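Inside the fold
For reference, the chains in residue letters:
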Amino acid sequence: ETGVTQTPRHLVMGMTNKKSLKCEQHLGHNAMYWYKQSAKKPLELMFVYNFKEQTENNSVPSRFSPECPNSSHLFLHLHTLQPEDSALYLCASSQLLAGAYNEQFFGPGTRLTVL
Amino acid sequence: KQEVTQIPAALSVPEGENLVLNCSFTDSAIYNLQWFRQDPGKGLTSLLLIQSSQREQTSGRLNASLDKSSGRSTLYIAASQPGDSATYLCAVGSARQLTFGSGTQLTVLP
């Protein structure tokens, strides 16, 4: 595997389900991100992890729970979602250099549908 | 708060044409600017990264310029091909995150 991978690629879930999205980066980076892309809206940053520590949480509802066990893996745990949470969820990684994040590389995304 | 605007929202051109996509941003205190390509239902592919100290970057038929003082970047695509059809996204980087524009949906007609 190369680059940034995400599983599953598609997910359909009911509002009472619990599911998890997985992201893995094979680039040796030390920062990872979750983004949400809804129809007709710009990408929205959800969370940033730097060396496994969460550094940004852009007012994301608590029904989204991120987990970063190491610098290569990032999870997004989902529970009691709403239909408006249906979107493409994208994971990205980059290298933190001199206190700033460098070029970001994206995975293929998980298309989530909440019924 | 950084705001990024891309014009036009959609563009349709015949094959072989040279074209320019525009990106403007409100806060000139940026670290870098990144151009991406997104095919329908897919993730983002990084095309070019311009650091704040640079004026332009080139890769093949693509050239991106950056004018921080005026808050603008352009992506120039030479000799467009049908395979260039996609949505092109501009993202402005602060120290902590990228702020994305809404994109320009490009269609290159054979």
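In case you missed it, the structure is sitting above this.
No experiment lies behind these values; they were computed from the predicted model shown.

Section: the overall build of chain B
- Looking only at helices and strands, chain B has zero helices and 11 strands in total.
- Starting at the N terminus and walking to the C terminus, you meet the elements of chain B as β-β-β-β-β-β-β-β-β-β-β.
- Looking at chain B residue by residue over its 110 residues, the buried ones come to 42%.
- Approximately 5200 Å² of chain B is accessible, and the part contributed by carbon and sulfur atoms is 48%.

Points about the interface of chain A and chain B
- Facing 22 residues of chain A, the contacting portion of chain B comprises 20 residues.
- Joining chain A to chain B, the criterion identifies zero salt bridges.
- Class assignment of the residues belonging to the side of chain A that touches chain B gives a composition of 11 nonpolar, seven polar and four charged.

Overview of the environment of W35 of chain B
Residue and element names in this part refer to chain B.
- Take W35: it is sitting in strand β4 (residues 32-38).
- The buried category is assigned to W35, whose relative accessible area is 0%.
- In this structure the C-alpha to C-alpha distance between W35 and E56, which are 21 residues apart in sequence, comes to 12 Å.

Description of the state of the cysteines
All names here are of chain A.
- According to the stated counting rule, one finds two disulfides over all chains in the structure shown.
- Bridging C23 to C91, the disulfide has an S-S length of 1.9 Å. Negative torsions about the S-S bond denote left-handed disulfides, and the value of about -75 degrees found for C23 with C91 makes this one left-handed. Of this pair, C23 sits in strand β3 (residues 18-25) while C91 sits in strand β9 (residues 87-94), placing them 68 residues apart in sequence.
- Free of any disulfide, C68 has its nearest cysteine sulfur in C91, 9.0 Å distant.
- C68 sits in the buried class, given a relative accessible area of 11%.

Here we look at the pairing of strand β6 (residues 53-57) of chain A
All names here are of chain A.
- Here strand β5 (residues 44-50) runs beside β6; their pairing, made up of four bridges, is antiparallel. Note that in β6 the partner of F47 across the bridge is N57.
- Between β5 and β6, which pair antiparallel one after the other, the connecting turn spans two residues, and F51 there sits at a positive phi close to 50 degrees.

Criteria and cut-off values
- For every chain, the first residue of its written sequence is number 1, and the numbers climb from 1 along that sequence.
- Ligands are numbered from 1 and chains lettered from A, in the order in which they are written.
- Whole-chain, interface and lining totals are the exception, using all residues; otherwise, since this is a predicted model, local features are given only for residues with pLDDT of at least 70 and side-chain atom pairs are given and counted only at 80 or more.
- As a rule here, side-chain values come from all non-hydrogen atoms in the structure, and water together with hydrogens is ignored.
- Helix and strand assignments come from DSSP, with helices taken as H or I runs of at least 4 residues and strands as E runs of at least 2, each series counted from the N terminus.
- Under the scheme applied here, a residue whose accessible area is under 20% of the maximum for its type counts as buried, over 50% as exposed, and between as partly exposed, the area being computed with a 1.4 Å probe on protein chains only.
- Here, Shrake-Rupley sampling with a 1.4 Å probe gives the accessible areas, and only protein chains in the shown set may cover a residue.
- Whether two residues touch is decided by their heavy atoms; if any such pair falls within 4.5 Å, the residues are in contact.
- Any Lys or Arg side-chain nitrogen located within 4 Å of an Asp or Glu carboxyl oxygen qualifies as a salt bridge.
- Each residue gets one label: Ala, Val, Leu, Ile, Met, Phe, Trp, Tyr, Cys and Pro are nonpolar, Asp, Glu, Lys and Arg are charged, and the others, such as Gly, are polar.
- Counting rule for disulfides: a pair of cysteine sulfur atoms within 2.5 Å.
- A strand pair is defined by DSSP finding two or more bridges across the two strands.

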